[in-house]
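Examining the three-dimensional arrangement
So the chains spell out like this:
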4 protein chains.
Amino acid sequence: MEGLLARTSVTRREYDEWLNEAAALGRALRYPVRPEMVNDSAGIVFGEDQYDAFENGLWSREPYEAMVIFESLNEPAVDGLPAAGAPFAEYSGLCDKLMIVHPGKFCPPHYHQRKTESYEVVLGEMELFYSPKPVQVGEEEVLSFTGMHEGSPWPDGVALPIGREESYAALTSYRRLRVGDPKFVMHRKHLHAFRCPADSDVPLVVREVSTYSHEPTEEAADKAAPLPDWAGLHDNSFVAAAANSGRLRTAIQ
Amino acid sequence: MEGLLARTSVTRREYDEWLNEAAALGRALRYPVRPEMVNDSAGIVFGEDQYDAFENGLWSREPYEAMVIFESLNEPAVDGLPAAGAPFAEYSGLCDKLMIVHPGKFCPPHYHQRKTESYEVVLGEMELFYSPKPVQVGEEEVLSFTGMHEGSPWPDGVALPIGREESYAALTSYRRLRVGDPKFVMHRKHLHAFRCPADSDVPLVVREVSTYSHEPTEEAADKAAPLPDWAGLHDNSFVAAAANSGRLRTAIQ
Amino acid sequence: MEGLLARTSVTRREYDEWLNEAAALGRALRYPVRPEMVNDSAGIVFGEDQYDAFENGLWSREPYEAMVIFESLNEPAVDGLPAAGAPFAEYSGLCDKLMIVHPGKFCPPHYHQRKTESYEVVLGEMELFYSPKPVQVGEEEVLSFTGMHEGSPWPDGVALPIGREESYAALTSYRRLRVGDPKFVMHRKHLHAFRCPADSDVPLVVREVSTYSHEPTEEAADKAAPLPDWAGLHDNSFVAAAANSGRLRTAIQ
Amino acid sequence: MEGLLARTSVTRREYDEWLNEAAALGRALRYPVRPEMVNDSAGIVFGEDQYDAFENGLWSREPYEAMVIFESLNEPAVDGLPAAGAPFAEYSGLCDKLMIVHPGKFCPPHYHQRKTESYEVVLGEMELFYSPKPVQVGEEEVLSFTGMHEGSPWPDGVALPIGREESYAALTSYRRLRVGDPKFVMHRKHLHAFRCPADSDVPLVVREVSTYSHEPTEEAADKAAPLPDWAGLHDNSFVAAAANSGRLRTAIQ
């Protein structure tokens, strides 16, 4: 029956309400949300089948892959780098984001070949799912230093998005992060996903400090690339193919 | 006469009061200040002649070079990097700090060969002084992309630390940063310094998100280096020689 | 045409989204929002004609009379009062509320015979409209001490709720209150209303500290009265009759 | 030996550092601390023997009776009151304060004949000590409604100020209040005291919303009384006589 109601877009009103409330929450938490950061790439629905999230709304506590990202910084940090280091610059840089996820909703399973991330919970609690083993990209030989710690097994009762269950299978480690916890580092090449607990009374709000985000969103389309190789580079590899395309464009009526 | 009072250390009580108040302020502002971040490398007096800052105290509004840094993250981001990129890894990584500066006090002029920084004002206002031209390090050829914008000329009435005036001469650009402003990027190899306005009714509190901080402080002494070349690396070049040594060790009675 | 769409209720989903977002915002601002404070008397639509506010939604910036009140305290302060003071106890007591108003929306014109209020802006800016002259209630002789200062004339461009314009006519004084301003006192018996500026990028959030709120809402229906005379007492006198009844019951489908 | 060091005043520098740090903390927590609220009645040392608190400083965690109060509102709420209620007006009114107490320090045992209070913890945790039975003032007949609940017995290890132990004897009930807890009401005529836990890593910060504070401090000396009977009225009755006088004047060198 939900099939009969299936949607493939979000209305302008639904979208703007989602972003305006999220932006106000970010400002209340002192994040420097600038007007230009509240744009049509900030609210993300991870694939056509996830627009059903808006059928019963963001407070339905149903499992869907949808979230808001306000990006206050995405700095290549290319200036002043030795010229010989250019081929590796895409593994560096600085990105600062505020991520807002409603109860029961997910950021879906993916990894970044280049981007190393860190998380700081600002409001609510973060349920993190990841693989402690890195993905091998081609034949590439990589450095290792601390690696990822093995987390706990998953708790019972985590409702996964319908039709996307398989994409979470390799993320066997679980951690619950809270306000005031040490920063949690997610190394590049590790599969990860997270959600806001379904019974939370606030959206989860997380600050992510990471290396540069290579994401050819509509919003980023007209930005100059700092190096020729960076043009069009997409460093998000989602397990579910539908999530991959959904990341870059939102269908707003 | 102030010479007669000259001090070469801070007492344990003065130091602990300084750090405890700063840590409480950071926690009130929701920064994740962990107990282990409140240590004897967190309160910094930039050289022997700057201990006079404690003669009349941190609220005297007198110009001295002294500040607190609570570091919540200093991640090399070496894991998963292509092995061939190892020589350039020291220009990358992720560091997140909260910096607390009392009215009239300064973070003194310096540059980093490797570290690119960004600033976000959390409380008070930040008076930033910098050189829009990068320092040429040896014969090194470097990349450039956006560069630094020329700032404004200095306003009148900025009282500089006595005996350190010369070290500020090359920092001809000025910017005043406020809460909610866009993130301000300070590219590597640019001289910079900042202060809390002398008439402020709160300490300046700034979040700095940057690439890795190579600083062989006492606190960092027992940490393993991710790559052999990193051991003992010091990436802070202060204009005043006395500030340089002061950064790494605090004389606490 | 809007007439054709006219509504006389809010859906459960619309209502719950409104309250859940407001509660999260209150919590982010550290207000002690307890689960029991998020109830069906907290979201207020001031009369049947104001439900059209939900036709285009709370972020339409259209002028309607609708707001959220989270009440963390409503203490009669009767305990320990000299028995002879019982007849005047209803002018005393302590109430603490967080009020959340979306851009363009209003708290409509009204006065309280008994309640003296004070305002503290927590987020956004508050446009306050009031009468500097008190309402004479019957033949009652009252005390006076500081009175209300005359405010400024209204600025141009304040869009009033359609059909309610007249009810604002006697509120000739205007003040714009901001975060950090001194507490603003609204004495009992003065007509007042307020709104969130229509172009605000955040909902207005105000803490109101006042004497006891005598409001026979559905939520308060089963609370014991501290003194017999207090039972059913309603101390809100709205200028528009429709607002009066709307205050006490919300039509949620 | 501490006797040899005994002090009977606080230096101007110690006092100003105490208040400036407290004011910054209050502002970071969004309390509307206005410059005029940071005055020589805001930092309170409860009697001559309590100045020893400054011998080892506010972070020594030693038990002394000393605290900061920033008062943002003290409104008589006399305007608009029926004239016949004048004799009881002193039991009414509105006061809003931020109270800041360092680890191990106390607000000493006292009661108010007229003032009813409520507490909201903003930072840290509040250890509250009180008597569940009201003080009988003269032959006065008083109203009662909810009364005070019996609290828990005291936990072990609460270090009391030396020489003041007896003054705490009647406060047999204990409650530990935390951020987000419901407002706690302290009815008039009940003995109460509180402290910041000695091992806290932040000062305790509490917002108190109460009826009018009748306190003839130096700061309040030049304010007009709303009614003749209010002139010079002192509604704080401290158990220790020394605390009583200390409340009104601070000895600053």
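As a reminder, the structure under discussion sits directly above these lines.
What comes next is a walk through the structure. Residue numbers restart at each chain and count upward from 1, following the sequence in its written direction. By the order in which they are written, chains take letters starting at A while ligands take numbers starting at 1. At least 70 in pLDDT is required for a residue's local features to be given in this predicted model, at least 80 for side-chain atom pairs to be given and counted, and no such filter applies to totals for whole chains, interfaces and linings, which use all residues. Based on all heavy atoms of the structure, the side-chain values leave hydrogens and waters out of the count.

**Observations concerning the overall build of chain A**
- In this text, helices come from DSSP runs of H or I with a minimum length of four residues, and strands from runs of E with a minimum of two, each type numbered from the N-terminal end. If you tally the helices and strands in chain A, you get 3 helices and 11 strands.
- Starting at the N terminus and walking to the C terminus, you meet the elements of chain A as α-β-α-β-β-β-β-β-β-β-β-β-β-α.
- Our radius of gyration looks at C-alpha atoms and nothing else; its globule reference is 2.2 Å times the residue count to the power 0.38. Against the globule reference of 18 Å for 253 residues, chain A gives a C-alpha radius of gyration of 18 Å, in line with a compact fold.
- With the principal axes as the frame, chain A shows a C-alpha extent of 60 × 40 × 35 Å.
- A buried classification covers 63% of the 253 residues belonging to chain A.
- Working rule for contacts: check all heavy atoms of both residues, and any pair within 4.5 Å makes them a contact. Of the contacts formed within chain A by residues at least 6 apart in sequence, a portion of 81% connects residues at least 24 apart.
- Using the Shrake-Rupley algorithm and a 1.4 Å probe, accessible areas are obtained, with residue cover drawn only from the displayed protein chains. Surface summary for chain A: the accessible area is close to 9400 Å², and the carbon and sulfur share equals 51%.
- Charge assignment: positive for Lys and Arg, negative for Asp and Glu; neither His nor the chain ends contribute. A charged residue contributes its charge at one atom only: NZ of Lys, CZ of Arg, CG of Asp or CD of Glu. On chain A, the mean spot of the 24 positive side-chain charges and the mean spot of the 39 negative ones are 4 Å from each other. Only protein chains enter the area calculation, which uses a 1.4 Å probe; residues under 20% of their type maximum are buried, those over 50% are exposed, and those in between are partly exposed.

**Observations concerning helix α1 (residues 12-28) of chain D**
All names here are of chain D.
- Working rule for helices: expected span equals 1.5 Å times residues minus one. Counted at 1.5 Å a residue, the expected span for α1 with its 17 residues is 24 Å, and the 24 Å between its end C-alpha atoms agrees.
- Burial analysis of α1 places 14 of its 17 residues in the buried class, which makes it a mostly covered element.
- Taken from the residues just after α1, Arg30 is the one with a positive phi, measuring 70 degrees.

**Considerations on the packing of aromatic side chains**
All names here are of chain A.
- Classification of ring pairs uses Phe, Tyr and Trp, with its six-membered ring standing for Trp, and accepts pairs whose centres are within 6.5 Å; under 30 degrees between planes counts as stacked, over 60 as edge-to-face, and the remaining range as tilted. Under the counting rule described, the total for this entry stands at 46 aromatic pairs over all chains.
- A centroid spacing of 4.3 Å and a plane angle of 40 degrees characterise the contact between Phe129 and Trp154, whose relative ring orientation is tilted. Of this pair, Phe129 sits in strand β6 (residues 126-130) while Trp154 is found in the loop between β6 and β7 (173-177), placing the two residues 25 residues apart along the sequence.
- What links up through ring pairs into an aromatic cluster is the set Phe106, Phe129, Trp154, Tyr168 and Tyr174.

**Comments concerning the relation of the copies chain C and chain D**
- Least-squares fitting of one copy onto the other uses the C-alpha atoms of those residues that reach a pLDDT of at least 70 in both copies. Superposition of chain C onto chain D requires a rotation of 180 degrees combined with a translation of 0.0 Å along the rotation axis, giving an RMSD of 0.0 Å. The two molecules are tied by a two-fold rotation axis, judged by turn and shift. By C-alpha distance to the rotation axis, the residue of chain C lying nearest is Ser92(C), at 2.5 Å.
- Both copies contact each other with a shared surface, as 100% of the interface residues of chain C are interface residues in chain D too.

**A short note on the interface of chain C and chain D**
- Between chain C and chain D, the residue contacts involve 52 residues of the former and 52 residues of the latter.
- A 1.4 Å probe defines the accessible area here, and the buried area is the portion of it lost by two parts on being joined, summed over both. Between chain C and chain D the total buried area reaches about 4600 Å² when both faces are included, carbon and sulfur atoms providing 65% of it.
- Looking only at chain C, the three residues that lose the most surface to chain D are Asp79(C), Leu143(C) and Phe145(C), adding up to 17% of its buried area.
- By salt bridge we mean one thing: a side-chain nitrogen of Lys or Arg within 4 Å of a carboxyl oxygen of Asp or Glu. At the surface where chain C touches chain D, the tally comes to 4 salt bridges.

**A word on the pattern of salt bridges**
Residue and element names in this part refer to chain C.
- The tally for this structure, following the rule as stated, stands at 96 salt bridges over all chains.
- The shortest N-O distance in the salt bridge between Glu55 and Arg7 comes to 3.8 Å. One end of the pair, Glu55, is in helix α3 (residues 53-56); the other, Arg7, is in the loop between α1 (2-5) and α2 (12-28), with 48 residues separating them in the sequence.
- The residue Arg176 makes a salt bridge to Glu125 at a minimum N-O spacing of 2.5 Å. Of this pair, Arg176 sits in strand β7 (residues 173-177) while Glu125 sits in the loop between β5 (117-123) and β6 (126-130); the two residues are 51 residues apart in sequence, bridging distant segments of the chain.
- Arg176 gets classed as partly exposed once you look at its relative accessible area, which sits at 28%.
- Judged by its relative accessible area of 25%, Glu125 is partly exposed.

**So, the sheet that holds strand β11 (residues 236-238) of chain C**
Residues and elements named next belong to chain C.
- Read across the sheet, 5 strands follow the order β7-β6-β9-β4-β11 without closing on themselves; strand pairing throughout is antiparallel. At either margin of the open sheet sits one strand with a lone partner, and together these are β7 and β11. For this sheet the average axis-to-axis angle between neighbouring strands, irrespective of direction, equals 30 degrees.
- Here, a strand pair is defined by DSSP locating no fewer than two bridges between the strands. As judged from the 3 bridges shared by strand β4 (residues 106-112) and strand β9 (residues 192-195), these two strands associate in the antiparallel manner. Among the inter-strand pairings, Cys107 is bridged to a residue of β9, identified as Phe194. An axis is simply a line fitted to the C-alpha atoms; with a helix, the fit covers only the stretch in contact. Between two such axes, the angle follows the N-to-C directions and lies from 0 to 180 degrees.

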